[in-house]
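Residues per chain, in single letters:
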Amino acid sequence: MAFFSRLNLQEGLQTLSVLQWIPVYIFLGAIPILLIPYFLLFSKFWSLAVLSLAWLAYDWSTHSQGGRRSAWVRNWTLWNYFRNYFPVKLVKTHDLSPKHNYIIANHPHGVLSFGVFINFATEATGIARIFPSITPFVGTLEGVFWIPIVREYVMSMGVCPVSRSALKYLLTQKGSGNAVVIVVGGAAEALLCQPGASTLFLKQRKGFVKLALKTGAYLVPSYSFGENEVFNQETFPEGTWLRLLQKTFQDTFKKILGLNFCTFHGRGLTHGSWGFLPFNRPITTVVGEPLPIPRIKRPNQKTVDKYHALYISALRKLFDQHKVEYGLPETQELTII
């Protein structure tokens, strides 16, 4: 009986660790960005709102210049429960020398990119031990940094805006040994994630390659096997009112918030129930071999296309080498659109 009590406690703590993050990613990244600080101005808490917004204005450049990371926050025991919920694992195939800077491009986006978050924004899987002397920064939407308190929370984990200026600063103004992690497919790729799928929105995503050329940062392919397995996503048949409603929401979210509206579901608080918790399925992020990139102040399109093709080739190789080991059939192919 004591064993089952401990087991239930562990499962409960794992569930709570995931529950606290989902609102930060979804709701605090969308609705409060428009409401919280401004509505408080017209309440009895107006002074708190003024102080928060004044601090935001005073400290505005910090999140675009490396932020305020905290080793203490990154090492919270909370993240170990989060890791064990799936579980999440980080696998190194090659060393990353601290003499260079890196752009670690990650695929696929999935619905909420759990693999990237737990592997690179926390120390739960031991990134500091696996890649010594490398400082990771995880890129996300700029809008998250407009929200007081949430801004401090994500900065403490080494999360930064995925804007060109913020990434360029990290790759050129903070010495060497920095690695910015970008989920290249972004919101568009989130709509493609389905259990068993390996389709990436990458053919026209070349900005990260151009940034690598301008900064001389090495490109590193990485793939999170299992990321697409933790949620089911519904795409309703064309011509139905449900599909019309779905497309309306998607277009609105994309236009106003820069987010795509995914109609997804997972498990509930108990196994076998329906809800918005992810399924307990393993996620393994495999980090591939760095691709050396020359530094070119103004790379032309031909050069960008060349290194984009080299990157895709390296990514396909990484995927094919590890797909069977992490749950995909030998016949599974990486589809790039």
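Residues numbered from 1 in each chain as written. Predicted model: local features only at pLDDT ≥ 70, side-chain atom pairs only at ≥ 80, totals over all residues. Heavy atoms only, no water.

Caption draft 1: Region of the structure containing the sheet that holds strand β7 (residues 218-225). Spatially, β1-β11-β7-β2-β5-β3-β4 is the arrangement adopted by the seven strands of the open sheet, whose pairing is mixed. The open sheet terminates on both sides in strands that have one partner only, identified here as β1 (88-92) and β4 (159-161). Each strand of the sheet is rotated relative to its neighbour by a mean of 30 degrees, with strand direction disregarded. Where strand β3 (residues 135-140) lies against β4, three bridges are found, and the strand directions are parallel. Across the sheet, Val-138 pairs through a bridge with Val-159, a residue of β4. (Pairing = 2+ DSSP bridges. Helix = DSSP H or I, 4+ residues; strand = E, 2+ residues; numbered from the N terminus. Axes fitted to C-alpha atoms, helices over the stretch in contact; angles between N-to-C directions.)

Caption draft 2: Representation of a positive patch on the surface in the model. Taken together, Arg-164, Lys-168, Lys-210, Lys-214, Arg-295, Lys-297 and Arg-298 make up a surface patch of like positive charges. Within the residue set of the positive patch, elements represented by two or more residues are α10 (164-172) and α12 (207-215). Tracing the backbone through its elements, the reader meets Arg-164 in helix α10. By relative accessible area, Arg-164 is classed as exposed at 65%. (Patch = residues over 30% accessible without salt bridge, like charges linked within 9 Å, V, L, I, M, F, W, Y side chains within 5 Å. Areas by Shrake-Rupley, 256 points an atom, 1.4 Å probe, with all protein chains shown as cover. Salt bridge = Lys/Arg side-chain N within 4 Å of Asp/Glu carboxyl O. Lys, Arg positive; Asp, Glu negative; His and termini not counted. Charge placed at Lys NZ, Arg CZ, Asp CG, Glu CD. Buried < 20%, exposed > 50% of the residue type's maximum accessible area, 1.4 Å probe, protein only.)

Caption draft 3: A look at the environment of Lys-99. In this structure, Lys-99 sits in the loop between β1 and β2 (102-107). For Lys-99, a relative accessible area of 71% puts it in the exposed group.

Caption draft 4: How the structure looks around the packing of aromatic side chains. If you walk through the whole model with that rule in mind, you get 19 aromatic pairs. Relative to Phe-117, the ring of Phe-82 lies with its centre 5.5 Å away and its plane at 55 degrees, an arrangement referred to as tilted. In this pair, Phe-82 is assigned in helix α6 (residues 77-85) and Phe-117 in helix α7 (residues 114-120), connecting sequence segments 35 residues apart. Accessibility classification places Phe-82 together with Phe-117 in one group, the buried group. Here Tyr-85 and Phe-86 contribute two aromatic rings whose centre-to-centre distance is 5.0 Å and whose plane-to-plane angle is 75 degrees, an arrangement assigned as edge-to-face. Chaining the aromatic ring pairs together yields one cluster made of Trp-72, Trp-76, Trp-79, Phe-82, Tyr-85, Phe-86, Phe-114, Phe-117, Tyr-153 and Phe-231. Positioned above the aromatic ring of Phe-131 is the side chain of Lys-92, whose terminal nitrogen or guanidinium carbon lies 5.8 Å from the ring centre. (Phe/Tyr/Trp six-rings, centres within 6.5 Å; stacked < 30°, edge-to-face > 60°. Lys NZ or Arg CZ within 6 Å of the ring centre and 35° of its normal.)

Caption draft 5: Broad picture of unusual backbone geometry. A cis geometry characterises the amide bond from Phe-86 onward to Pro-87, with omega recorded as 0 degrees. Tracing the backbone shows Pro-87 in the loop between α6 and β1. Cis geometry marks the peptide bond from His-107 to Pro-108, where omega comes out at -15 degrees. Turning to its location among the elements, Pro-108 is positioned in the loop between β2 and α7. One non-glycine residue, Ser-133, lies in positive phi territory at about 70 degrees. Along the chain, Ser-133 falls in the loop between α8 (127-130) and β3.

Caption draft 6: Main features of the nonpolar core. Within the largest apolar cluster, 50 residues are counted, with the highest numbers of intra-cluster contacts made by Phe-82, Phe-86, Phe-120 and Met-157. For this core, the element with the most residues is α7, which contributes five residues. Among all residues touching Phe-120, those that are not within four sequence positions of it are Arg-74, Leu-90, Ile-104, Ile-127, Pro-136, Val-138, Val-181, Thr-285 and Val-287. Listed in part, the 35 residues of the second largest apolar core include Leu-171, Ile-182, Val-209 and Tyr-311. (Core = buried A, V, L, I, M, F, W, Y, C linked by side-chain atoms within 4.5 Å. Contact = heavy atoms within 4.5 Å.)

Caption draft 7: Layout of the pairing of strand β11 (residues 283-287). Counting buried residues in β11 gives five out of five residues, a clear majority hidden from the surface. The alternating pattern of β11 places Ile-283, Thr-285 and Val-287 on one face and Thr-284 and Val-286 on the opposite face, and all of these are buried. Pairing analysis gives five bridges linking β1 to β11, with the strands arranged parallel. Residue Val-88 lies in a different strand from β11, and its bridge partner there is Ile-283.

Caption draft 8: Quick look at the pairing of strand β9 (residues 264-267). Both strand β8 (residues 232-233) and β9 contribute to a ladder of two bridges, which runs antiparallel. What sits directly across from Asn-232, in β9, is His-265. Between β9 and strand β10 (residues 274-275), which pair antiparallel one after the other, the connecting turn spans six residues, and Gly-272 there sits at a positive phi close to 95 degrees.

Caption draft 9: Highlighting the pattern of salt bridges. Taken as a whole, this structure holds eight salt bridges when the rule is applied. Between Lys-92 and Asp-95 there is a salt bridge, with the nearest N and O atoms lying 2.8 Å from each other. Taking relative accessible area as the criterion, Lys-92 reaches 34% and is therefore assigned partly exposed. With relative accessibility at 59%, the residue Asp-95 sits in the exposed group. A salt bridge links Asp-320 to Lys-323, with the shortest nitrogen-to-oxygen separation between them at 3.3 Å. Here Asp-320 falls in the partly exposed class, since its relative accessible area comes to 43%.

Caption draft 10: The confidence of the model for the protein, seen in detail. For the protein, per-residue confidence averages 87 on the pLDDT scale, and 85% of positions sit at 70 or higher. Scored below 50 in pLDDT, residues 28-34 shows 16 contacts in the model against residues more than four places distant or in partner chains. (pLDDT = per-residue confidence, 0-100.)

Caption draft 11: Summary view of α10. Regarding α10, the residues found buried are Ala-166, Leu-167, Leu-170 and Leu-171. Relative to the axis of α10, the buried residues are bounded by an arc of 125 degrees and lie together on one face. Every exposed residue of α10 that faces more than 90 degrees away from the buried side is listed here: Arg-164 and Ser-165. Taken together, the buried residues of α10 touch β2, β3, β4, β5 (178-183) and α12. (Arc of directions from axis to C-beta.)

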